[in-house]
Amino acid sequence: MDKKFIMMLLAAVMLLPAMGQEVEVTSQRRLLEGVEGPAYYPVLNAAGNRLLFLTEDGALKYYDLTDDVTTVVTRDYVAGNDACWGGDGKVYYVTQETGEGRLVYRTGRCYDAATRQSVVVTEAQHGAVRAVPATRGGALRAPGKSYNSSSDIGSAAWTEGSRVHVIVDGDERVFSPVDSWAGYLWASLSPDGRRVAFFAAGKGIVVIDLRGQMLAMLGNYEMPCWYNNDYLVAQNAKDDGHQFTSSQLLLLKADGTWQAELTKPASMTMQPTCGGGKIVYTTIDGMLYEMRIAIHE
């Protein structure tokens, strides 16, 4: 039998499981319709019952999906991606203001949903301050003064420049598995804490293990979030250099073997977040939606 034919046959057999996979959107509903104005940068907690979001003017709120109640965390300006849920149930976030010489100063804060109180955990400083979720708490990372919620925050992952930082068992590890002159963004741990996904500018979504070894490259998509240990949801946005021309959500298998559309490019859907088996996202107009899916393998 022709060797080339045998290789093609083997490749086809290997692809059969992936070709047989399907994803079904089982439910989809609008959140906070008629209650809130435009909402952006949603962040679900791990249980999927509380949702952070930013208003059009940068105020930070959270929505309790169980009680159907919205609470203001702060009306001070918070930039996109500058707020997260810690593993302790608290909110870690960064407010910013412009000072003398038009310099931007950022302050790290922690909000306790039980008491509805915020405290300053890093004083105002010039330069980037990152809110970092951890499995047992949270952190604020900055070139100046940083902050950990406790001496043992568990596992965490974040990016600085073209480096991804990972804390495992109290040990901080730093990796640069792919070249990216514009840097890395959106690092997160898989739910089982065994892998890290992040975005490398110009390269796309990268999945690595806890030793920094590359496991997969999933395509040039943005804002990856873990749906479960085997799948991620990401944004696939296109622009003309001035504005978005299309944006959709994709479901990506973490090993890079399969992907599927969750929304169409013309839907202008973006900024996905996952938790508790739910996917929440917004549209370019700031309309929040919750989606549930079933993956058939």
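Residues numbered from 1 in each chain as written. Predicted model: local features only at pLDDT ≥ 70, side-chain atom pairs only at ≥ 80, totals over all residues. Heavy atoms only, no water.

What follows deals with the sheet that holds strand β24 (residues 269-275). Pairing within the open sheet is antiparallel, and its 4 strands lie in the order β1-β26-β25-β24. Pairing within the sheet leaves two strands with one partner each, and these edge strands are β1 (22-31) and β24. Each adjacent strand pair in this sheet contributes to an overall mean axis angle of 30°, direction not counted. For strand β25 (residues 278-283) and strand β26 (residues 288-296), the ladder comprises 4 bridges, and the chain directions are antiparallel. Of the residues in β26, the one forming a bridge with Tyr-281 is Tyr-289. (Pairing = 2+ DSSP bridges. Helix = DSSP H or I, 4+ residues; strand = E, 2+ residues; numbered from the N terminus. Axes fitted to C-alpha atoms, helices over the stretch in contact; angles between N-to-C directions.)

For the rest of this paragraph, the subject is the side chain of His-165. With respect to the helices and strands, His-165 occurs in strand β14 (residues 163-168). Within the local environment of His-165, its side chain forms a polar contact with the side chain of Glu-172, the two groups lying 2.9 Å apart. Ignoring sequence-local partners within four residues, the contact set of His-165 consists of Ala-156, Ala-157, Trp-158, Glu-160, Glu-172, Arg-173 and Val-174. (Polar contact = N/O pair within 3.5 Å; in protein donor to acceptor, adjacent residues only side chain to side chain. Contact = heavy atoms within 4.5 Å.)

Next up on the list: a negative patch on the surface. Judged by side-chain charge, Asp-192, Asp-230, Asp-255 and Glu-297 come together as a negatively charged surface patch. Note on placement: Asp-192 falls in the loop between β16 (184-189) and β17 (195-200). By relative accessible area, which is 33% here, Asp-192 ends up partly exposed. (Patch = residues over 30% accessible without salt bridge, like charges linked within 9 Å, V, L, I, M, F, W, Y side chains within 5 Å. Areas by Shrake-Rupley, 256 points an atom, 1.4 Å probe, with all protein chains shown as cover. Salt bridge = Lys/Arg side-chain N within 4 Å of Asp/Glu carboxyl O. Lys, Arg positive; Asp, Glu negative; His and termini not counted. Charge placed at Lys NZ, Arg CZ, Asp CG, Glu CD. Buried < 20%, exposed > 50% of the residue type's maximum accessible area, 1.4 Å probe, protein only.)

Next up on the list: the sheet that holds strand β20 (residues 222-226). Taken in spatial order, the 4 strands line up as β20-β21-β22-β23 in an open sheet, and their pairing is antiparallel. One side of each edge strand has no neighbouring strand; the edge strands of this open sheet are β20 and β23 (259-261). Averaged over neighbouring strand pairs, the angle between their axes works out to 25° when direction is ignored. Where strand β21 (residues 231-239) meets strand β22 (residues 244-253), 9 bridges bridge the pair, whose relative direction is antiparallel. Its bridge partner being in β22, Val-233 is matched across the sheet by Leu-251.

With the rule as written, the count across this model stands at 9 salt bridges. For Asp-152, the salt bridge is made with Arg-136, and the minimal N-O distance between the two is 2.9 Å. A residue pair is termed long-range when its members are at least 10 positions apart, and Asp-152 in the loop between β12 (147-148) and β13 (156-160) and Arg-136 in the loop between β10 (130-133) and β11 (138-141) qualify at 16 residues. For Asp-152, a relative accessible area of 39% gives the class partly exposed. Put simply, Asp-171 and Arg-173 hold a salt bridge, and the shortest N to O gap is 3.2 Å. For Asp-171, a relative accessible area of 40% translates into the label partly exposed. Residues participating in the shared-partner salt-bridge network are Arg-29, Glu-290 and Arg-292.

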